[in-house]
Amino acid sequence: PSESAMQDPEADVLDVLFQARRDRDRRDREIVQAAEQEIIKAMGTDGEGAHKQAAGADLFPAILTRRYSVRFVPRSNQAAQAVRDIGASQIGHLVTVRGIVTRVSDIRPSMVVAAYLCDSCGSEVFQEVKTRQFTPLTQCQSARCTDNRSRGKLHKQTRGSRFLRFQEVKLQEMTDQVPMGDIPRTLTIHCYEGSVRKLNPGDVAHITGVFLPQPYTGFRALRAGLLADTLLEAHHIRPLKRRYDQLASELTPELYMRLAQLSRDPDVFGRVSRAIAPEIFGHEDVKKALLLLLVGAPTKRTKDGMSIRGDINICLMGDPGVAKSQLLRFVAKVAPRGVYTTGRGSSGVGLTAAVMRDSVTGEMVLEGGALVLADNGICAIDEFDKMDESDRTAIHE
């Protein structure tokens, strides 16, 4: 940091602390050197050890002075894996996993360096935090307190500590990755600094990170013994489906010209509807209805503030084997935000929201179901007639 860090009102707190520490150490060295010269003149000694006080005073943790972070980006040809395919042999390795985000926590500060101030000598003491839990320092271990044999009391300084932005994400397997008869598995993702605020519930993404074990803490550690939980420390996040506003902002002139040329086609409605599930023959009217569902209409707002939605709901009924499920899967896959579920094994809690306990803070939080994950998108519910009446009522409520 520069000499003017003390006068700059927009300077970082760490820059001010570093500059203050260097100024104090420089004054201490000048005083020690002057005292050494007096001792040499008076007693003829070399004054060895008189500068021990300032020898290690300028030591800071490396993470405190580091102004950059290192992140690994996967290769373009690296294939994404399912959550159940990641095993113990890949602990400590860089892996890429694909899934749908079911829960995103709030952004909280994670302490990596704790700063303390001694009330006796005025020194700053830094403690690097590398675990989930740590014991705060109480007594000063600086050279001044050691030489004076005084037990200075340390007071934690929040402004001098170093925090990282932290966010926990729950990633669940996709429906096409779950074998028949199994339930989807989930994986905990830890995001730091630049990786936060990149995912929302319902997003499908490729997440690359280091697969690490996480020992249990507290009473759970006594019951778990040698067992440990697993997590993925995110390094690179690539969403697979972009939102409607992102697609509109990325509209290129070439694509705009193609859309304008397509709009002049007299059979544009039938041409686009035939592109829906082209492997399924016929069903022209059903495909046109699904096209209207995908396109939608703008939401109207009246003068008195009432909002009229422009989206429609579609109920497909027919004989078995007429490709109803295939059409639903195609619509949920092609939509920028779509979730496919079945009503046979779904309950009202699984479709709307469930109350869960947060593993980080222990608080009760809401975890969204299929309808919440498909907000502003398409929610395809297969086997709708197999649902209970109470669960079907929960959807309308």
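Bear in mind that the values here come from a model prediction, so they are computed numbers and not experimental data. (Residues numbered from 1 in each chain as written. Predicted model: local features only at pLDDT ≥ 70, side-chain atom pairs only at ≥ 80, totals over all residues. Heavy atoms only, no water.)

Draft legend 1. Spatial organisation of the packing of helix H8 (residues 284-295) against helix H9 (residues 324-334). One way to put it is that H8 packs onto H9 with a least axis distance of 11 Å and a crossing angle of 25°. Relative to H9, the element H8 lies roughly parallel. Viewed along their axes, H8 and H9 form a crossing whose handedness is right-handed. On the side of H8, the interface is formed by Val286, Leu290 and Leu294, while H9 contributes Leu327, Val331 and Val334. Taken together, the residues of the contact of H8 with H9 break down into 6 nonpolar, no polar and no charged. (Axes fitted to C-alpha atoms, helices over the stretch in contact; angles between N-to-C directions. Helix = DSSP H or I, 4+ residues; strand = E, 2+ residues; numbered from the N terminus. Parallel < 35°, antiparallel > 145°, perpendicular 65-115°, else oblique. Left-handed = near helix turned anticlockwise from the far one by under 90°. Contact = heavy atoms within 4.5 Å. Nonpolar A, V, L, I, M, F, W, Y, C, P; charged D, E, K, R; others polar.)

Draft legend 2. How the structure looks around the environment of Glu363. Considering the arrangement of structural elements, one finds Glu363 in the loop between strand E11 (353-357) and strand E12 (364-368). Every residue in contact with Glu363, bar those within four places of it in the chain, is listed here: Met356, Arg357 and Asp358.

Draft legend 3. Quick look at the pairing of strand E5 (residues 186-192). With respect to burial, E5 is a largely interior element, 5 of its 7 residues being buried. Two elements, E5 and strand E7 (residues 228-239), share 2 bridges in a ladder whose sense is parallel. Counterpart to His190 in the pairing with E7 is Glu233. (Buried < 20%, exposed > 50% of the residue type's maximum accessible area, 1.4 Å probe, protein only. Pairing = 2+ DSSP bridges.)

Draft legend 4. Layout of H8. Spanning 12 residues, H8 covers 16 Å between terminal C-alpha atoms, matching the ideal 16 Å at 1.5 Å per step. By the burial criterion, the buried members of H8 are Lys287, Leu290, Leu291 and Leu293. Projected down its long axis, H8 carries its buried residues within an arc of 160°, all on one side. Facing away from the buried side of H8, by more than 90 degrees, are the exposed residues Asp285 and Val295. The inward-facing, buried residues of H8 abut helix H7 (268-273), H9 and strand E13 (378-382). A positive backbone phi angle near 70° is found at Gly296, which sits one or two residues after H8. (Expected span 1.5 Å × (residues − 1). Arc of directions from axis to C-beta.)

Draft legend 5. View of the packing of aromatic side chains. For the structure on display, the rule yields 1 aromatic pair. Summarising the aromatic geometry, the rings of Phe166 and Tyr192 are spaced 5.3 Å apart at their centres and angled 45° between planes, so their arrangement reads as tilted. Residue Phe166 is located in strand E4 (residues 154-172), and its partner Tyr192 is located in strand E5; the two are separated by 26 residues in the primary sequence. Overall, Phe166 belongs to the buried group, its relative accessible area being 10%. (Phe/Tyr/Trp six-rings, centres within 6.5 Å; stacked < 30°, edge-to-face > 60°.)

Draft legend 6. Highlighting empty space enclosed by the protein. Applying the stated rule across the entire model yields 1 cavity of 30 Å³ or more. Its boundaries defined by the atoms lining it, the largest cavity holds a volume of some 70 Å³. Among the residues making up the lining of the largest cavity, the classes are represented as 2 nonpolar, 2 polar and 5 charged. (1 Å grid on protein atoms, 1.4 Å probe; cavity = no way out; pocket = protein on both sides within 12 Å on 5 of 7 lines; lining within 4 Å. Points joined across faces, edges and corners; volume = space filled by probe spheres on them.)

Draft legend 7. The arrangement of the nonpolar core in detail. Counting residues in hydrophobic clusters, the biggest one holds 18 residues, and the most contacted among them are Val97, Leu187, Ile189, Cys191, Leu199, Ile207 and Leu232. Contributing elements (two or more residues each) for this core: strand E1 (94-104), E4, E5, strand E6 (204-215) and E7. When neighbours within four sequence positions are excluded, Ile189 is seen to be in contact with Gln167, Glu168, Val169, Leu171, Ile207, Leu232 and Ala234. In terms of nonpolar packing, the next biggest core, distinct from the first, is built from 11 residues, Leu290, Leu293, Ala323 and Ile378 among them. (Core = buried A, V, L, I, M, F, W, Y, C linked by side-chain atoms within 4.5 Å.)

Draft legend 8. Here's a closer look at the environment of Leu373. Locating Leu373 in the fold gives a position in helix H11 (residues 370-373). It is 8.3 Å that separates the C-alpha atoms of Leu373 and Val101, two residues lying 272 residues apart in sequence.

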